[in-house]
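The primary structure of each chain is shown beneath.
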Amino acid sequence: MLSRNIKWNEKVKFIISDVDETIADLYVEASPEMITELEKLLAEGKVLFLISGQSIKSIKWRIVEYIRKDLRKRIIVGHCSGAEVWGFDEQGELRDAPFYSFYETELSEEQKKSWRGVIHELVEEFKLKILPTMPISEFAKKTKGDPLSVMLEDRGPQITLEVINGYDLSPEQPEKLEIQVPQTHGHYDLRIPILARAEKLLEEKGLPITPRLAGVFAIDFAIKGVSKTTAVKYVVEHDSILSSLGIHKSDIGNSESMEVWGDKFSVVRGGTDRHISEALPKEVRSITFREEKSEEFLEGYNTVVWNGKEHLHNGLLEFLKTRNSKGFATK
């Protein structure tokens, strides 16, 4: 649904938020203003669960390390789409071990190696030109729109391909690539044939890895059966984790005590933030800060579209600044 007046939820205690384009732009740090607002929430005793396809390393240097050490104990991080969940100790340092790790329990060393062999095979077969991760503006300058130029990052429990120039091709572009790119949901998306080939290779090798569309232009190669739903369910069902954050199950027993922030809840073309919502009661409010179509949301869930002047991470910042006011109302 599209809300014309999204008010701050005064009863919220447990906030579950996506990272990329929700709290910070892709591969860059959160703004000082965003850090200030997050610190205010944590100082009030609220808990922040950051959940992302990114690695724990990325989330630390872009967000957590800018937050005061005495407040970090109220933060947990579900990285690589929920493959692991980490917390911080009283000194604000990363704990010695994650609360759980499906990467270590579900995959043998031989499977980890074979998985990376499949990625190498895909790169060779599709003649992809690999670049390291970088801000999108920098990537655009370097690649000049080349669809086969992609960013590849091995995050340990997840491997991600960012197909930035190839997820929305013109009808003429596939003809020049010598790759059959079918029209899917009205778009010529290079990820679709890569995804299909990846599924076949992974199945042939018997690997418990699932390739999935993610974000706007990514393919995530993630552990089968693991998603943002996995991480959220695990945390809310384990009082030992909640108590380490200073809250208990009784504190989040009603829908208003929790809230979800994200930017991709559409069930079309890889909206993975909806998996956060799926782990919670349908009444819990999920706010998308992207201009999404409400008809593409999960049916029956309380998903609303922020329609302030700003969007994505700037939209979240705008929303946070409405606290203690009557909310943001459009004219």
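Structure: see above.
All values derive from a computational prediction rather than experimental measurement.

Participant: Explain the packing of helix α4 (residues 109-125) against helix α7 (residues 191-204) here, please?
Facilitator: Between α4 and α7, the shortest axis-to-axis distance is 10 Å and the interhelical angle comes to 140 degrees. When the axes of α4 and α7 are compared, the pair comes out oblique. Seen from above, α4 lies across α7 with right-handed handedness. The segment α4 lies against α7, with V118, E121, L122 and E125 engaging I194, R197, A198, L201 and L202. Among the residues making up the contact of α4 with α7, the classes are represented as six nonpolar, no polar and three charged.

Participant: It is not clear to me how the environment of D70 should be interpreted in this structure. Could you clarify?
Facilitator: Tracing the backbone through its elements, the reader meets D70 in the loop between α2 (56-62) and β4 (75-79). With a relative accessible area of 41%, D70 lands in the partly exposed category. When the C-alpha atoms of D70 and N5 are compared, they prove to be 34 Å apart, with 65 residues separating the residues in sequence. Here the side chain of D70 touches R68 through a polar contact of 2.7 Å, side chain to side chain.

Participant: Please explain the sheet that holds β4 as it appears in this structure.
Facilitator: Hydrogen bonding along the main chain pairs the strands of a sheet, whether they run parallel or antiparallel. Read across the open sheet, the eight strands follow the order β6-β5-β4-β3-β2-β14-β15-β16; overall the sheet is mixed. Of all the strands in the sheet, the pair left with one neighbour each is β6 (100-101) and β16 (303-305). Two strands pair when backbone bridges link them, and strand β15 (residues 285-288) and β16 are joined in this way by three bridges, in the parallel orientation. Counted as the bridge partner of I287 is V304 from β16.

Participant: Sorry, what's going on with the packing of aromatic side chains here?
Facilitator: Pairs of aromatic rings are described using the distance from one ring centre to the other and the angle between the two planes. A full pass over the atoms with the stated rule returns ten aromatic pairs. Arranged with centres 6.2 Å apart and planes meeting at 90 degrees, the rings of W261 and F319 form a pair that is edge-to-face. Here W261, found in strand β14 (residues 258-262), pairs with F319, found in helix α11 (residues 312-320); they are 58 residues apart in sequence, far enough to count as distant. W261 sits in the buried class, given a relative accessible area of 0%. F319 sits in the buried class, given a relative accessible area of 0%. Each ring, one from F289 and one from F319, has its centre 5.9 Å from the other, and the planes form 45 degrees; the classification is tilted. Highlighted residues: F289 in the loop between β15 and β16 and F319 in helix α11, separated in sequence by 30 residues. A single burial state applies to F289 and to F319, both of which are buried. An aromatic cluster is defined as three or more aromatic residues linked by ring pairs; in this entry it consists of W8, W261, F289, W306 and F319. Above the face of the Y103 ring, K112 is positioned so that its terminal group lies 4.3 Å from the ring centre.

Rules behind the numbers
- Residues numbered from 1 in each chain as written.
- Predicted model: local features only at pLDDT ≥ 70, side-chain atom pairs only at ≥ 80, totals over all residues.
- Heavy atoms only, no water.
- Axes fitted to C-alpha atoms, helices over the stretch in contact; angles between N-to-C directions.
- Helix = DSSP H or I, 4+ residues; strand = E, 2+ residues; numbered from the N terminus.
- Parallel < 35°, antiparallel > 145°, perpendicular 65-115°, else oblique.
- Left-handed = near helix turned anticlockwise from the far one by under 90°.
- Contact = heavy atoms within 4.5 Å.
- Nonpolar A, V, L, I, M, F, W, Y, C, P; charged D, E, K, R; others polar.
- Buried < 20%, exposed > 50% of the residue type's maximum accessible area, 1.4 Å probe, protein only.
- Polar contact = N/O pair within 3.5 Å; in protein donor to acceptor, adjacent residues only side chain to side chain.
- Pairing = 2+ DSSP bridges.
- Phe/Tyr/Trp six-rings, centres within 6.5 Å; stacked < 30°, edge-to-face > 60°.
- Lys NZ or Arg CZ within 6 Å of the ring centre and 35° of its normal.

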